[in-house]
Structure formats: structure tokens, C-alpha cells
Number of protein chains: 4
Amino acid sequence: MSDALVIAGNSYQSRLLVGTGKYKDFAETRAAIDASGAEIVTVAIRRTNIGQNANEPSLLDYLPPSEFTYLPNTAGCYSADDAVRTLRLARELLDDHRLVKLEVLGDPNTLYPNVTETLAAAKTLVKEGFEVMVYTSDDPIIAKQLEDIGCVAVMPLASLIGSGMGILNPWNLQIIIESARIPVLVDAGVGCASDAAIAMELGCAGVLMNTAIAAARDPVLMASAMKKAVEAGRESFLAGRMAKKLYSASPSSPTTGMIG
Amino acid sequence: MSDALVIAGNSYQSRLLVGTGKYKDFAETRAAIDASGAEIVTVAIRRTNIGQNANEPSLLDYLPPSEFTYLPNTAGCYSADDAVRTLRLARELLDDHRLVKLEVLGDPNTLYPNVTETLAAAKTLVKEGFEVMVYTSDDPIIAKQLEDIGCVAVMPLASLIGSGMGILNPWNLQIIIESARIPVLVDAGVGCASDAAIAMELGCAGVLMNTAIAAARDPVLMASAMKKAVEAGRESFLAGRMAKKLYSASPSSPTTGMIG
Amino acid sequence: MSDALVIAGNSYQSRLLVGTGKYKDFAETRAAIDASGAEIVTVAIRRTNIGQNANEPSLLDYLPPSEFTYLPNTAGCYSADDAVRTLRLARELLDDHRLVKLEVLGDPNTLYPNVTETLAAAKTLVKEGFEVMVYTSDDPIIAKQLEDIGCVAVMPLASLIGSGMGILNPWNLQIIIESARIPVLVDAGVGCASDAAIAMELGCAGVLMNTAIAAARDPVLMASAMKKAVEAGRESFLAGRMAKKLYSASPSSPTTGMIG
Amino acid sequence: MSDALVIAGNSYQSRLLVGTGKYKDFAETRAAIDASGAEIVTVAIRRTNIGQNANEPSLLDYLPPSEFTYLPNTAGCYSADDAVRTLRLARELLDDHRLVKLEVLGDPNTLYPNVTETLAAAKTLVKEGFEVMVYTSDDPIIAKQLEDIGCVAVMPLASLIGSGMGILNPWNLQIIIESARIPVLVDAGVGCASDAAIAMELGCAGVLMNTAIAAARDPVLMASAMKKAVEAGRESFLAGRMAKKLYSASPSSPTTGMIG
């Protein structure tokens, strides 16, 4: 079955995108990413050496850009200006690389996105020719505005960055997915394999995660779990699940009554 | 990683057990089971021809007992007597086969298990030398009694047979799993891939399903999804998931307050 | 609006039944029960002095049987024999009182009900003329068997005794309520006011609780909260709630898709 | 217990605010509002006659402003300009009335708030001396910005307007409540009494609803249910609920494991 993820005109076989931070060392990063099967890896430009510091180990040596699609991100940015500046730097460091992940956060405590700054940054970046995959809240109106600006993918949170709380509001995600004409990927909040499967069963085009893998007791095994979970969820979505009934002989769907 | 499921002294690589009913024909049954990777297949003795009717197609031709471990079951039995009689017949038909799935249901409407009849049947069957995998409710006291009788695996429901409602009470399953010394498999109620992954993340030894695969729009693709979901959930369980926090900087677990 | 709770032929205005244990002293017990508006109070015969110890303070002095309907219970009993013996004693202590609450637990750790011993005790007690309100699991088949034996009310758990976990499986409760011809009351597991309201919205005839009130920081205020919550839930049930839709203009109920 | 709700310096005994639309006629509106005990009633200026049409029945005759605090709202407005214009009109109609409810919606299909337009309108209205109670999403960063602008209350949705889906993301509400210095009221999404109780148990200062009452089969009875539910939830919050444990003897909180 051909079922590629297409972002900004490029096709990917894997629908799991992964971060590169929070690992013990670059060797563990590489081992986990190999186990995940991810083709797109996101890199926090402000925290990761991809050539800024010539005398330190560079992620580029462990994850050669010839093997992986780099997705520079703006982790740690709290304003549109900061985010734009950071991605311009990434573009220089990575030979006019245009595919980026924009995130502008609201405060360092919750790491909830600042959607007004995100909108402002997205406008500027799209104008400057970036292909913007944008991290955002699960607000369907904002998601649509980001699409209208010209972002190439919209990436709502499942729950807060680093929380592992899973998908707190599948209903908002459903509304976003139903109206989007660009890929919708869940980014942030996935904590275990079933969370990733649920995201895909909702109809997401992909899932992006970092902490769920890097902070597991066994990151490489969890990366393998996530690879299978994303595939399982995608196939479960495509296969068309059975209808729910409270019990087999029930005349109606389970939620016509008080519950659900 | 060696991580076999051991039931009654035999090892299995797959933790997904599947039913053989509700398919279009035996060819589809076989294709779905191949995609699922299941080694143990359960067969409703009262509904499936495994030799009782010499002139009709036999499941044995499509799923040769040399390739699969048969698990005759008592679907359609509402009393201990009926169930015991059915499994004695299966033993004859399958050359003194001893591994069986016992289920005694309470009524034809909900298909909820009748636990008192189940206990009675289990006692008789264990005495007669059967290796009993037993379908039951999620009642932890009954589960323990079934273990004490000598059943080789206890298989609580996630939700009702044919409902696809998923795991309605993970807490009871958790209590059963924590105190069991025999394998605990979720049987009944799984509707989609994430349900199967959740069951495994709870620490189940395996999952048994039928309708979720057979009643999907594309049963073979759903079987593949379930194979991956069970493996993903198992690996996610073994890998040790990250801790949950409401937000990254939160000083405490998410449920010390009012919610959760 | 006349909307009395009728149990064993007697009418009650309050649908909240409360326990009498776990309070600081009998004075606090009385204050909380007054705030709760409860007319039926349940008493653990093995733990509470209602005359067994002539020289100690007696609950009867604080909650005169002329003002409250006593419901002696078998808390602490782990076999049918124990439970029957305990209730015979209560009958003597309370002048041939017949309305009782039967509970037989499975183990002192989880306090999950032992349904087989409960069935046995119920049979004996009904034969001896007791009016048995019976605590049980949320197993619909067992609930029906207890009704068939002649119990006057069936009282499934919401979650385990003393857990405060709320209603873990509303679906099983719904099945029990739909098929019962005697009052169904939720007993055990309620932790806060909304839990009680949810139980009533499911169609329960009443709610019985103890720890949720006695272990609150302010038991008397929580008792008042529970009084209002039970009334609110009852009225909400009777008023017929609005239909759910994912969004106002949605053409269908929210659960025709993947979620819910 | 004195436990008044204080908004813009005024004290209210009732924490339930209600809408005035969707009723059969003004007489039913009045009966339901009386049963609800609400002191603040919100009025859609674009849909309700409060004097704009001199020859038609006026809500003012049924709900005299001497008895109720009017809260004119901007239902039906999709831009900041529209909302501001509508509230200026209300101010004229209601003798320089300053307390208003601002809502700016994103589209007529979902009725999800447009937070950027809401921010713009709030700035203008606060500058013009309005006391702005503002309807918004459950985005904690936006909620904080609205507070910083000078709104007198922030009113996040529980779920979409007219959906009756209840509280979809209690976690976001919790974050908003924990950091707010102005009253936080849940507005939109409540469908039944337990939803209102849950909102109050989360620590909300109040609840605003319309459809849940007006679209119930018996609006007046549902109004009474909501009155009690809001009081129950408030008292449950103030009383300090018992701790949750998976089972009574459990050494830890229920969510240290995989679930929850």
C-alpha cells in the first residue's frame, strides 16, 4: 500500500517525526532515531550544536543531513522576532534549508504556545520563503489562520510539551483535521504508544515527539514501540473500525443516553 | 529481545490471539489471521465446522492444526453443563486437545459472563485435565478464584463481546494484573488498535479479539494494525514510560488536585 | 413534585443514604447527617456501639431510631456465614428490625465484593424475612440474580470502598438500571459532589456514601454539598438533558466517528 | 457562610449566570430564570428586543433591570468592530450600563471563539470604560492577556456553544484558574447538572449557561437542577474533597502507574 506522508511536496514513508534533545549523548540519539524509523528529525537550534560551535561534537556527525530531513525548530523562543531570527540562522547553518518548525511559547512554565506571536512569525517566515510546519494550540480558528497564511503543516498539541498527558481534547483535533487541507500532525503531549495510535486513529497525518522517547527508561525500545504505534494507528484509521455499541444486541450507538 | 508469552508451558512469539468467526469466508479468515501474526486461534465449537459436518468446508483445511494452536471455545453456552459438554466434544474432534477457552455467558442480550457458572465449569474442566483459559468479567475476586481453581490464563473483558467499546475500567484490570501469577489477557471489547495498545500498556500478557478485525471495513489491514498495536503496547510497557506531569515545570503529578 | 424513593414499601424524601463511621465523634456524625438531609443511615454492626457495650456512648443516643431509619450493615464480613450472623444480631439489638444492608467482601485489601458469598447470604437472609439492600459489584448478571432472590434494592459500587475514585464504569451501571425492577443505588466510590450528580443522572434511585463526607476537610459542608448534588442530579435526570453535539451546527451526534 | 461572587466590585449570592435566549416565550424565560436563582442574566443584543423595537414585547418587561443585573452580549459578532459597535448600542439602550459580555466568534459553524479579534475588542472596550466579562477559548496564555488588558472576568469555554459536551479539557481550565487574579467562569458547553458541579469543583468562580436549561425537556426543572449543582460544586470545592486512592489500602495515589 502506498500511503506516503507528503509535506511541502516531498514524500515520506514514516509518519513519525522525532526530536533530538534530552538524550544521554548523540550516540543514544542516533540509536533511538534509527529504532523509530523517522526520516524527519527536529533540532532545537538554540540548544543543539549543528556547527555553531566548531570545537564541540556536532549533531550533523551523528545524523548526517544526507540521511535525514532536518527540521530546525525554535524551542526556547517567546516572541515572533526571536523565532524568526533563530530560523534565519538555521537557514544559514544548513545551506539555505527552508523546511522549519515554528514554535513560539507563551511562558517558560507551561510552555503553552503563544498563538498571536505564532501568527506573526508565520506571516514573516512564509513571506521569506520558509516552508513552515507550525506548532500551535488545538484552537481550530488559529489552525485555519495558520493554514491561510501558507504554512505547509499545522501541528496542534495533544497536551503540553514534556507533559506526557496524552490527547486531552480529541474533539478539537477532530475539528481541525476535518477542515484542514494541509497535513495535521500532533506535536507535544504524547507519552506512550497508545497515545500515538489514538492520534493517528483520529486522522492525523503524523506525530512528532521527543520526551516520550528520550525520557523512557529504555529510549531505544520506546522508539521501536512508537514506530509500530504510529503504523498501527494509521492502518487502524485506514481499515475503518467496527461500530461501537454498548452491547452486541444494542439497538443504538452507545451515546444516545446520558453518558459519553 | 526474548519476550515470549508462556501459556500452560508452551511459548508463543505473538501476544495477539484471534477468533475465526464473522468473516466472509474461510479464505478471508485465513488472510486476516496471517496478517495478524497470531499463533493461537480460537474456534466456536458450536458454530464452526472442524469436522462435525463431514460434507461441508472445514476450518481445519484453511487453518491446519499443524500451523496454528487451536483454542476451542464455548461461545453460545449459558450454563456450566453446556460448556463442559461442548469442550468434551472439542477434545474428541481435536485428538485429545486440552488447551481450551471457557466462556459461560449470562444472557444472549448483553453477552456478559455468568461468573458463578464459569466457576463451576472451570472446576470440572480442570479436574478432567483441560488447560483452561477462562473468559470472565473484570471482577478481581472472581479472577483470583479462577486462578486458584487451576486455570492456566485468566481473560477479563475490556468491554462487552462485540461492543468495540474499548477498555471501560482499566483500574479493575490493573488490580487483576497486579495480583495474578498466571497470564492475564484482555478478551472482548477491543475495537481499534489503540485499545489493544492500552491493554498491553496496562501489563496484560496478551489480547484476544475477533469482531474488531472481522467487522472492520478492511479486515486484513486491521489485522495488521492489531499485530503492530499489540507489539507497540508491549514494548511501550517494557520500555517504561515517562512520568506524567500537567506541564513540564509542574512540581507534582497531575492528579493531586481535583481532576483525574 | 412528588418524587419519593420507595424501598420495601416505605417512602423517603431523601435519595442520599449515609454511613455513620469515620467521624471524629458522634456529635460530628450527627451534624454531618443533619446537613446531608439523609433519612436512612447505615451502621456497621461490628464497629459501632448500638447497645452491645452498655457502658460506652451509643450511636442510638445521637441518632435516635425514632428520627432515622437504621440500616445495619455487615462491613468487615468476608463470608456469607459471618454476614448472616451479624445481621441476626442487629435484628435482636434493634427490636426485630428487618431492613438491612448486606455486604460480603472479597479481601481486606481492595474491599471488592465477593459476589458468590453475597448471593449465598442474600438467599438465607431473604428466607429469614430480612429486607435486603445488597452491596455488590457492577456485574449486571449478579445484580439480576440478587433481584431474583428477592432483595429490595441492589447497590452496585461506583468504585472501591474508600477510594473516592468516582464512577469508573457508567456503562455497567446503565445496563443494571435499565433491566432492574427494584431500586438501584450507587454504593461506594463517590468522592465529590459531581460524582453523586453523575450517579443520579444515570438514573440511579439513590446514592449511599460515607468516606466522601467523613473524610472531607469539612464534613458538614461536604454533607450539604452532597445533599444538593443528589437533588441536582435527580432533577437533571427528570428534566431530560439537551442532546450532545460536537458543535452546534453539527449534523450528527458526537460519537459517530473515532472518538467517544 | 459568606461566599459572595465579586465581579467589578459588585457582590452576587448566586454563582450561576444564565442566558435569556432559546425559550418558548418570555414567560418561560422568566420562570426558568426564577428557578435558577440567577442574579446576572445575559442578553444577546442582536437577537433580543430590549427596546430596539418599540412595538414588540420587550425582555425588560419580563426581567426588570431593577431585579436583575443585565449582561448584554455580542452573540452573532464575528469581528472586533462588530462586537464593539454592538456593546456601544447596548450601553445606550441600558442607560450607560457598563458591565458586558464580549464574545467574538470564529465561524458560524463551530462558534469557536476568535481569540485575536477578542483581544482587539477587549482593548477598545476597556479603554472606553466598559467592564468586560470575556468569553474565550481555554488557552491559558490568551486568558492571561485578557486579564492584563483589564477585563473583569475571564470566561473560558468548557466545550463549544450549544454542544452540551461538558468539560472537555479540565486541565487547561485548571491552569487558567491557578494563575488568574480575576474571577474565572466557565461559559458554554455545560449540558447537565454534573457538568456544572465539575466546573465549580475545579475552582471556577461561577458558570454561565443557556442551552442546557432552555433546551432541556423541562427547562424550569433543569434550572432548579443547575442552581443546586452550582451550589453543590462550590461547597464540594470549599469542603476539600477526600484523597483518591485506587483502593482503600493502596499505598499510593491512583495515577503513579500507567493509567489516568
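Thresholds applied
- Residues numbered from 1 in each chain as written.
- Chains lettered and ligands numbered in written order.
- Predicted model: local features only at pLDDT ≥ 70, side-chain atom pairs only at ≥ 80, totals over all residues.
- Heavy atoms only, no water.
- Helix = DSSP H or I, 4+ residues; strand = E, 2+ residues; numbered from the N terminus.
- Rg over C-alpha atoms; globule rule 2.2 N^0.38 Å.
- Buried < 20%, exposed > 50% of the residue type's maximum accessible area, 1.4 Å probe, protein only.
- Contact = heavy atoms within 4.5 Å.
- Areas by Shrake-Rupley, 256 points an atom, 1.4 Å probe, with all protein chains shown as cover.
- Lys, Arg positive; Asp, Glu negative; His and termini not counted.
- Charge placed at Lys NZ, Arg CZ, Asp CG, Glu CD.
- Polar contact = N/O pair within 3.5 Å; in protein donor to acceptor, adjacent residues only side chain to side chain.
- Buried area = accessible area lost by both parts, 1.4 Å probe.
- Salt bridge = Lys/Arg side-chain N within 4 Å of Asp/Glu carboxyl O.
- Nonpolar A, V, L, I, M, F, W, Y, C, P; charged D, E, K, R; others polar.
- UniProt positions renumbered as here; feature names shortened; annotations may be inferred.
- Least-squares fit on C-alpha atoms with pLDDT ≥ 70 in both.
- Axes fitted to C-alpha atoms, helices over the stretch in contact; angles between N-to-C directions.
- Parallel < 35°, antiparallel > 145°, perpendicular 65-115°, else oblique.
- Left-handed = near helix turned anticlockwise from the far one by under 90°.

Draft legend 1. Structural view of the overall build of chain A. The helix and strand inventory of chain A stands at 9 helices and 10 strands. Against the compact-globule benchmark of 18 Å for 260 residues, chain A has a radius of gyration of 18 Å, which places it among compact chains. Burial analysis of chain A (260 residues in total) assigns 64% to the buried set. Relative to all contacts within chain A whose residues are 6 or more apart in sequence, the contacts with residues 24 or more apart total 63%. Carbon and sulfur atoms make up 48% of the accessible area of chain A, which totals about 8800 Å². Taking the average location of the 22 positive side-chain charges in chain A and that of its 29 negative ones, the two points are 4 Å from each other.

Draft legend 2. Expanded view of the side chain of E235 of chain D. Within the element layout of this structure, E235 of chain D appears in helix 9 (residues 219–239). Judged by relative accessible area, E235 of chain D falls into the buried class, the value being 9%. Among the polar contacts made by the side chain of E235 of chain D, one reaches the main-chain amide nitrogen of A225 of chain C at a distance of 3.1 Å. Beyond its immediate chain neighbours, meaning those up to four positions away, E235 of chain D contacts L221, S224, A225 and K228 of chain C.

Draft legend 3. Seen up close, the interface of chain B and chain A. Between chain B and chain A, the residue contacts involve 48 residues of the former and 48 residues of the latter. Between chain B and chain A lies a buried interface of about 3800 Å² when both sides are counted; carbon and sulfur atoms form 62% of it. If you look at where chain B meets chain A, you find 4 salt bridges. A salt bridge links K228 of chain B to E231 of chain A; its shortest N-O distance comes to 3.3 Å. Applying the counting criterion to the chain B and chain A interface returns 26 residue pairs in polar contact (both at pLDDT 80 or more). For the side of chain B that touches chain A, the elements supplying multiple residues, two or more each, are helix 7 (193–201), helix 8 (211–214) and helix 9 (219–239) of chain B. Take the side of chain B that touches chain A: its biggest share by element is 13 residues, from helix 9 of chain B. In the side of chain B that touches chain A, the residues fall into 27 nonpolar, 12 polar and 9 charged.

Draft legend 4. Summary view of the side chain of T42 of chain C. Residue and element names in this part refer to chain C. The residue T42 is located in strand 4 (residues 40–44) in this model. By relative accessible area, which is 5% here, T42 ends up buried. There is a polar contact of 2.7 Å between the side chain of T42 and the side chain of N73.

Draft legend 5. View of the pattern of salt bridges. Summed over all chains, the structure comprises 68 salt bridges over all chains. With its nearest N and O atoms 4.0 Å apart, the salt bridge here joins R181 of chain C to D148 of chain C. In this pair, R181 of chain C sits in the loop between helix 6 (170–179) and strand 9 (185–187) while D148 of chain C sits in helix 5 (residues 140–149), placing the two residues 33 residues apart along the sequence. On the accessibility criterion, R181 of chain C (65% relative accessible area) is exposed. Bridged by salt links that share partners, the residues K144, E147, D148 and R181 of chain A form one connected network.

Draft legend 6. Representation of the UniProt feature "active site" (unreviewed entry) in chain A in the model. Residues and elements named next belong to chain A. Residues given the UniProt feature "active site" (unreviewed entry) here are K101. Mapped onto the elements, K101 comes out in strand 6 (residues 99–102). Not counting residues within four places of it along the chain, the set of residues in contact with K101 comprises T42, L71, P72, N73, T74, L87, M133, Y135, M155, D187 and L208.

Draft legend 7. Structural view of the relation of the copies chain B and chain A. Superposing chain B onto chain A takes a rotation of 180° combined with a translation of 0.0 Å along the rotation axis, leaving an RMSD of 0.0 Å. On the angle and the small slide along the axis, the relation comes out as a two-fold axis. Comparing interface residues between copies, 100% of those in chain B also sit at the interface in chain A, which points to an isologous, same-surface contact.

Draft legend 8. Fine view of the packing of helix 9 (residues 219–239) of chain A against helix 9 of chain B. Orientation of helix 9 of chain A relative to helix 9 of chain B, taken along the N-to-C sense of each, is 155°, at an axis distance of 7 Å. Classified by the angle their axes make, helix 9 of chain A and helix 9 of chain B are roughly antiparallel. Where helix 9 of chain A crosses over helix 9 of chain B, the two elements pack in a sense that is left-handed. Here helix 9 of chain A contributes L221, M222, S224, A225, K228, A229, E231, A232, E235, S236, L238 and A239 of chain A to the contact with helix 9 of chain B, which in turn contributes L221, M222, S224, A225, K228, A229, E231, A232, E235, S236, L238 and A239 of chain B. Of the residues contributing to the contact of helix 9 of chain A with helix 9 of chain B, the split by class is 14 nonpolar, 4 polar and 6 charged.

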